[in-house]
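Each chain, letter by letter, is given below.
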Amino acid sequence: MNESRVTKFYPNRMGLIILQAMEEVINRSGVTAVLNTAGLSELIDQYPSNDLKLEFSFDTVSHIQAALDQLYGIPGGRGVALRIGRACFKYGIREFGSLLGLTEMAFRLLPLTTKLRVGGNAFARLFNRYTDQRVRFDEDESVFRWQIDVCPLCWNRQSEQPACQLAVGLLQEALYWVSGGKIFNVEETHCIACGDEACTIIISKNPIS
Ligand SMILES: [Zn+2]
């Protein structure tokens, strides 16, 4: 218990990816406004370095999410976070793709559901191995479940609605990439910020289109 009192971290590289993705979605001036609002102005001219040192704190990640809500309102801020999540995947796959092992031909030839299973497990392993975020990936007949037990996005936050839209966007884009352009229903149904045990994102196994 009291995990929330212990400081947890993302590697610098993930912090850098988040800031780059933010620039793509809300421009440099938007990032500056968000960082000022979040009380993180020291980051404006000093982005994290591109390495795997665990130095980008979960407090920093969640303060950025809270600042998006503050600046853009709800649901506006959540929509922006979703788009930032999608952009994070694009930058992330460039930096972490080789660690995932999903670009090999053998992977590309798997049937779709198997691909999603293998991809989801590899993605969860990446977070569990290189970050303090804890993810479980499992499934039943119709859905995959991405469960975040230690979540940087809503770290020490309280919210009426699930607050981890960045993760939803990240998974949407990951699914699009893994499936070769298909769209899946992805929804956060539970969130630690709402008092739930884990942030739970449900992914339909069958694409919408
Ligand atoms: Zn969360």
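Look up: the structure comes first, before these words.
Just so it is clear, the structure is predicted and the values come from calculations on it, not from any experiment.

## A few points about the coordination of the zinc ion
Reasoning step 1: Here the zinc ion is held by Cys151 (SG), Cys154 (SG), Cys164 (SG) and Cys199 (SG), and the distances to it run 2.1 to 2.4 Å.
Reasoning step 2: In this structure, the zinc ion is surrounded by four donor atoms whose angles at the metal cover 99 to 124°, and the resulting shape is tetrahedral.
Reasoning step 3: We note that the donor set of the zinc ion lies within a single chain, spaced as C-x2-C-x9-C-x34-C. Of this pair, Cys154 sits in the loop between β4 (143-150) and α6 (165-178) while Cys199 sits in strand β6 (residues 199-204), and the two are 45 residues apart along the sequence.

## Here's the deal with the nonpolar core
Reasoning step 1: Formed by 71 residues in total, the largest nonpolar core has its most connected members in Met22, Ile84, Phe123 and Trp146.
Reasoning step 2: At the level of elements, α1 (12-37), α2 (58-72), α3 (76-100), α5 (112-130), β3 (134-139), β4, α6 and β6 are the ones that each hand at least two residues to this core.
Reasoning step 3: Broken down by element, the residue count for this core peaks at 12 residues, all from α1.
Reasoning step 4: Residues in contact with Phe123, not counting those within four places in the same chain, are Phe89, Leu100, Trp146, Leu170, Leu171 and Ala174.

Conventions we followed
Residues numbered from 1 in each chain as written. Predicted model: local features only at pLDDT ≥ 70, side-chain atom pairs only at ≥ 80, totals over all residues. Heavy atoms only, no water. Donors = N, O, S within 2.8 Å, 3.2 Å for Na, K, Ca; no water. Tetrahedral: all angles 85-135°; square planar, octahedral: opposite > 155°, others 65-115°. Helix = DSSP H or I, 4+ residues; strand = E, 2+ residues; numbered from the N terminus. Core = buried A, V, L, I, M, F, W, Y, C linked by side-chain atoms within 4.5 Å. Buried < 20%, exposed > 50% of the residue type's maximum accessible area, 1.4 Å probe, protein only. Contact = heavy atoms within 4.5 Å.

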